[in-house]
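Observations on chain architecture
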Amino acid sequence: HRRPVMVMASVLAQLARKEGIPGLYKGVLPTLLGIFPYAGLKFFVYQYLKGVYMEGGRAKEGTTGEEKVEGERFVSTPMKLVFGASAGLVAQTITYPLDVVRRRMQVQDLASGDPSGKIRSSLQGLGLIYRTLGVRKGLYAGLSLNYLKVVPSTAIGFAVYDTAKEYLGHRTSI
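So, here is what we can say about the structure in this document.

Criteria and cut-off values
- Residues numbered from 1 in each chain as written.
- Predicted model: local features only at pLDDT ≥ 70, side-chain atom pairs only at ≥ 80, totals over all residues.
- Heavy atoms only, no water.
- Salt bridge = Lys/Arg side-chain N within 4 Å of Asp/Glu carboxyl O.
- Helix = DSSP H or I, 4+ residues; strand = E, 2+ residues; numbered from the N terminus.
- Buried < 20%, exposed > 50% of the residue type's maximum accessible area, 1.4 Å probe, protein only.
- Contact = heavy atoms within 4.5 Å.
- Core = buried A, V, L, I, M, F, W, Y, C linked by side-chain atoms within 4.5 Å.
- Expected span 1.5 Å × (residues − 1).
- Arc of directions from axis to C-beta.

A few words now on the pattern of salt bridges. By the definition in use, this model includes 5 salt bridges. Asp99 is paired through a salt bridge with Arg103; the nearest N and O atoms lie 3.6 Å apart. Here the residue Asp99 and the residue Arg103 both occupy positions in helix α3 (residues 77-107), the gap between them amounting to 4 residues, near one helical turn. Since its relative accessible area comes to 23%, Asp99 is described here as partly exposed. Within this structure, Lys50, Asp162 and Lys165 form a network of salt bridges that share partners.

Pasting the structure below:
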């Protein structure tokens, strides 16, 4: 029985021999193209919802920290969870097709098939998947399962982040 580190090193060496060093980075561009808009959208939606909530007068007076500041408003933890979950849902829904392209690029050589169906770029991959499988069974296949991971983790992440900022006394405009 070989140790996992040895197996991983062996697989990496085999991949580098077969496809060269670029083979080790297959799918990195679609990954980056997906991460940047995902992170940006996630933060934008969270801050936007929080701002609308605060402007609407629903935020509570005082702070969650020990010292209360008159007239200052804060967002309750349950609302932070709602805004975080919403941000994760929106960002994941919009950027998910890029994640599908990335995964398909990374595993396409494992399946023998028609080379004309090979994904060479993110844009070409989006078009190919759309033409062959459509929107629901292609570009958004598996999205509902992904929500089970992304939505709660984003909600918790934002709630913990904002609460920690408040606890540490770090004040921002929103």
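Once you've had a look at it, read on.
This next bit is on the side chain of Ser122. When you line up the elements, Ser122 lands in helix α4 (residues 122-133). Since its relative accessible area comes to 9%, Ser122 is described here as buried. Here Ser122 is in contact with Pro30, Leu33 and Val101, once residues within four sequence places are set aside.

Within the largest apolar cluster, 9 residues are counted, these being Tyr96, Val100, Val101, Met105, Ile119, Leu128, Ile129, Leu139 and Leu143. Secondary-structure elements contributing two or more residues to this core are α3 and α4. In terms of residue count, the dominant contributor to this core is α3 (4 residues). Residues contacting Val101, with those up to four places away along its chain left out, are Ile119, Ser121, Ser122, Gly125, Leu126 and Ile129. Residues Tyr53, Val75, Ala87 and Phe158 belong to the second largest nonpolar core, which totals 7 residues.

An ideal rise of 1.5 Å per residue puts 16 Å on 12 residues; α4 measures up with 16 Å between its terminal C-alpha atoms. Taken together, the buried positions of α4 are Ser122, Gly125, Leu128 and Ile129. End-on view of α4: buried residues confined to an arc of 120°, all on one side of the axis. Residues of α4 that are exposed and point more than 90 degrees away from the buried face comprise Leu123 and Arg131.

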